[in-house]
Amino acid sequence: VPLVEADNLDSAEAEIAAEEYLLPLARAGCRSLVLGCTHYPFLSGVLQRSAAKLFATPVRFIDPAERTADALPSAPPGRGPSDEPSLVLLTTGDPAAFRSQAPRFLTERSLTFGAVEWRSGKLELAERIPAAVL
């Protein structure tokens with residue numbers, strides 16, 4: 001996660017980390033790996049290269065975000081496909097830092113950012129930052 005947030009996606013440090021994390025999975029004979037964090041797909045290049053070195057057979061990386069997006073309807077109930085969606089991006093981290101990083105991943109959208117916290121076993125809105133046009 002810190003490598004992605006620092007934009008060190010193809011650094012030597014990323015290569016070392018990828019090999020360190022993938023080695024036990026290669027030794028265990030894994031053939032499919034789920035990229036179980038929103039940050040991991042950004043490291044797919046370094047993960048693929050490291051996996052090619054470490055695994056005896058090709059390994060399949062599964063991005064759950066792609067599967068989730070495929071399962072969503074093309075338009076939410078009550079909206080037409082041409083209606084511009086209103087996006088609110090929530091984080092359990094620092095919403096100001098999240099907002100500053102968003103232009104690397106999203107362009108030309110009006111976005112609202114917010115923070116959520118676990119309270120009594122539920123996620124609740126902790127802070128909301130007004131909409132910004134990126």
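Our structure's up above, just so we're on the same page.
Treat the numbers as computed from the prediction; the structure is a model and nothing was measured.

### With respect to the side chain of Thr91
Relative to the helices and strands, Thr91 is located in strand 3 (residues 87–91). Only 2.9 Å separates the side chain of Thr91 from the backbone nitrogen of Gly93, close enough to count as a polar contact. Setting aside chain neighbours within four positions, we find Thr91 in contact with Phe98, Gly114, Ala115 and Val116.

### Here's the deal with unusual backbone geometry
With the exception of glycine, most residues fall at negative phi, and the peptide bonds are largely trans. A positive phi angle, near 60 degrees, is found at Asp7, a position not held by glycine. You can see Asp7 is positioned in the loop between helix 1 (2–5) and helix 2 (12–27). Owing to a relative accessible area of 48%, Asp7 belongs among the partly exposed residues under this scheme.

### Topic: the pattern of salt bridges
For the coordinates displayed, the defined rule picks out 6 salt bridges. In this structure, Glu15 engages Arg49 in a salt bridge whose closest nitrogen and oxygen atoms are separated by 3.2 Å. Taken together, the residues span a long stretch of sequence, with Glu15 in helix 2 and Arg49 in helix 3 (residues 44–54) at a distance of 34 residues. A salt bridge links Glu117 to Arg119; its shortest N-O distance comes to 2.9 Å. The class of Arg119 is partly exposed, set by a relative accessible area of 33%. Three or more residues are tied together by salt bridges with common partners; here these are Asp10, Glu15, Glu19, Arg49 and Lys53.

### Re the packing of aromatic side chains
Inspection of every chain in the model, using the stated rule, returns 1 aromatic pair. Judged by centre distance (5.7 Å) and plane angle (85 degrees), the rings of Phe98 and Phe113 are edge-to-face. Placement of Phe98 in helix 5 (residues 95–101) and of Phe113 in strand 4 (residues 110–119) is noted, with a sequence separation of 15 residues between them. Note on Phe98: relative accessible area 27%, which makes it partly exposed.

### Structural notes on helix 2
Between its first and last C-alpha, helix 2 extends 22 Å over 16 residues, near the 22 Å set by a 1.5 Å rise per residue. Remark: the principal bend of helix 2, roughly 30 degrees, maps to Tyr21, with a proline, Pro24, within the next four residues. If you check which residues of helix 2 are buried, you get Ala14, Glu15, Ala17, Ala18, Leu22 and Ala26. Against the buried residues of helix 2 lie helix 1, strand 1 (32–34), helix 3 and strand 2 (60–62).

Thresholds applied
Residues numbered from 1 in each chain as written. Predicted model: local features only at pLDDT ≥ 70, side-chain atom pairs only at ≥ 80, totals over all residues. Heavy atoms only, no water. Helix = DSSP H or I, 4+ residues; strand = E, 2+ residues; numbered from the N terminus. Polar contact = N/O pair within 3.5 Å; in protein donor to acceptor, adjacent residues only side chain to side chain. Contact = heavy atoms within 4.5 Å. Buried < 20%, exposed > 50% of the residue type's maximum accessible area, 1.4 Å probe, protein only. Salt bridge = Lys/Arg side-chain N within 4 Å of Asp/Glu carboxyl O. Phe/Tyr/Trp six-rings, centres within 6.5 Å; stacked < 30°, edge-to-face > 60°. Expected span 1.5 Å × (residues − 1). Bend = angle between axes of the 7 residues up to and from the residue.

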